[in-house]
Every structure is written in structure tokens, then in C-alpha cells.
Amino acid sequence: GSESRSTQALMAGRAMLRAWGELPSGDEDALAEVIALALRSEAPAIEARDRLTAMIEREPTRGALLSRLWMDWLHPPMDREAIEVCQRARLREIGAALRDRGVAGIWLWGAGNHGAWVLEHREDLGLAILGVVDDAVSSGEWRGLRVCSPSRLIAGETVLIASDTFEREIWERSRTLRQRGVEVVRLYGQGVAASATTPAGAC
């Protein structure tokens, strides 16, 4: 009955409080840096929230969880449905720009949740997906797509970074590819540059 549900809910609440109390406090210097970033303005708060999310995924701490709650109060995150609409619009924008330049197929860099999301909405992109780039795996398959090491890509090919949390880090790691003439496109960062065509996959 309702009384037993109330008792169970109360017990669950107490268990959660005990679990939170047992979490480590967290790295104060790293957390202070992220909080300072969130205080500067609304735009940096997006990056700060992403960095906090990554910290929590690596190791949940009381400081990180409390900072995330405070940050969501300071800059309430967009409704999930609104975010989805914006992301799909951006995917269509990037796909149209690449198609206009003659690009027919791309590689995805990122075999995580966001990469899976891009695959689910590949019709918005409107481009053939040649495979997945992963700097931790040199071969194999992911969701029916071949996995290729970044070192196997050749000049003229196009790679779309398919990560919302680690886009900036992947962009930095892709420097050698860009120097070799591989075009790396950020979904949420830079736009699409001048024209090029994409040859058949290299691996």
C-alpha cells in the first residue's frame, strides 16, 4: 500500500544520502577552475558543464556533483527536446555544406553515445558513412561499420567528430591528420571550410 511505498522511498533516500556522504570530496583546484569558467558568462558555462560531466563520469565526487547542481541552477540546461532539435539542425547544416562541396562520404570519429546518435540520424546528414575512426582501436567493427585507425586515413578524406563531450580534445588530437590533408570537421565548433572532394575509403 501507500504506507509501504512511503517507507521504501524513505529508506532509499537515506541510502542515497549515505552513499553521497561516502563519496570522495574531489579535486578542489580542478573544481574551482571549472566553477570560475562557469561564472564568466553563459557561453563558457556550456564548456564548464561538459568538463564537469566528464569529471563525474571518470570519478563521481561530492564536489563535482554539488558543482553540477549549482551550475544547472545558475545556467539551467536546455530542455532535452530543444537540444535534439538544435543538434539535428546542425547536423543538416554540416551535411548540406559538405554535399555542396562535392563530399559524398565521411568517417565518424567517435564510437560512443554521440556517435550512435549521429548514426541514428544519418538521414539528416545526407552523406554515406564510410566507417568509424578510433585512435584506441586499429581494426574491427562497430554498429556494422568498419573501424579504422586515424593513421590509415589519406589526404582528401573527411572526418566528422561525433562527440559532444570531447570534441575539443579530439580536435586537438587530430592535428597530425589535418597536417596530412585530411579534413576534420567539428559538429559544434568551426564551420565547414573551402571545397574539396572525398575519395574512397583507405582502409
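Residues numbered from 1 in each chain as written. Predicted model: local features only at pLDDT ≥ 70, side-chain atom pairs only at ≥ 80, totals over all residues. Heavy atoms only, no water.

In total, this model carries zero aromatic pairs according to the counting rule given. In this structure, R178 packs its charged tip against the face of W171, placed 3.7 Å from the ring centre. (Phe/Tyr/Trp six-rings, centres within 6.5 Å; stacked < 30°, edge-to-face > 60°. Lys NZ or Arg CZ within 6 Å of the ring centre and 35° of its normal.)

Reading across from one edge, 3-4-2-1-5-6 is the order of the six strands in this open sheet, with mixed pairing throughout. With partners counted over all chains shown, the strands left at the sheet margins are strand 3 (141–142) and strand 6 (183–186), one partner each. In the sheet, strand 3 pairs with strand 4 (residues 145–148) via two bridges, with the strands oriented antiparallel. Considered in strand 4, the bridge of W142 is made with L145. (Pairing = 2+ DSSP bridges. Helix = DSSP H or I, 4+ residues; strand = E, 2+ residues; numbered from the N terminus.)

One recurring pattern in soluble globular proteins is that nonpolar side chains are buried together. Core analysis: the largest hydrophobic core is formed by 21 residues, its most contacted members being L91, L98, I106, L108, V118, L125 and L160. Put simply, the parts of the chain that give this core at least two residues each are helix 5 (80–100), strand 1 (105–109), helix 6 (113–120), strand 2 (128–133) and strand 4. Ignoring sequence-local partners within four residues, the contact set of L108 consists of G115, V118, L119, I129, G131, V132, V133, V159, L160 and A162. (Core = buried A, V, L, I, M, F, W, Y, C linked by side-chain atoms within 4.5 Å. Buried < 20%, exposed > 50% of the residue type's maximum accessible area, 1.4 Å probe, protein only. Contact = heavy atoms within 4.5 Å.)

Taken together, the side chains of M16, L17 and W20 present a nonpolar region at the surface, about 330 Å² in accessible area. With respect to the helices, strands and loops of the structure, M16 is situated in helix 1 (residues 2–21). On the basis of relative accessible area, M16 is assigned to the partly exposed category, the value being 44%. (Patch = residues over 30% accessible without salt bridge, like charges linked within 9 Å, V, L, I, M, F, W, Y side chains within 5 Å. Areas by Shrake-Rupley, 256 points an atom, 1.4 Å probe, with all protein chains shown as cover. Salt bridge = Lys/Arg side-chain N within 4 Å of Asp/Glu carboxyl O.)

Let us look at the pattern of salt bridges. Inspection of the entire model under this criterion finds 12 salt bridges. Linking D124 and R88 is a salt bridge whose minimum nitrogen-to-oxygen distance equals 2.5 Å. Here D124 is found in helix 7 (residues 122–125), whereas its partner R88 is found in helix 5, with 36 residues between them in sequence. Judged by its relative accessible area of 9%, D124 falls in the buried class. Here the salt bridges do not stand alone but share partners, grouping E33, E47, R51 and R168 into one network.

Right, let's talk about the confidence of the model for the protein for a bit. The predicted coordinates should not be examined in detail at positions where pLDDT is low. The predicted model of the protein averages 84 in pLDDT, with 86% of residues at 70 or higher. Averaged pLDDT values for the elements of the protein fall to 79 in helix 3 (residues 42–58) and rise to 96 in strand 5 (residues 158–161). Predicted confidence is poor over residues 194–201, with pLDDT under 50, and the contacts of this stretch with residues over four places away or in other chains come to 24 contacts. (pLDDT = per-residue confidence, 0-100.)

Quick look at helix 6 now. Burial within helix 6 is extensive, with six of its eight residues counted as buried. Residues H114, G115, A116, W117, V118 and L119 constitute the buried set of helix 6.

Let's shift gears to unusual backbone geometry. A positive phi angle, close to 50°, is found at R143, a residue other than glycine. Summarising the element assignment, R143 is placed in the loop between strand 3 and strand 4.

On to the pairing of strand 4. With two bridges connecting them, strand 2 and strand 4 associate as parallel partners. Bridge pairing in strand 4 links V133 to C148. Between strand 3 and strand 4, which follow one another and run antiparallel, lie two residues, and R143 among them has a positive phi close to 50°.

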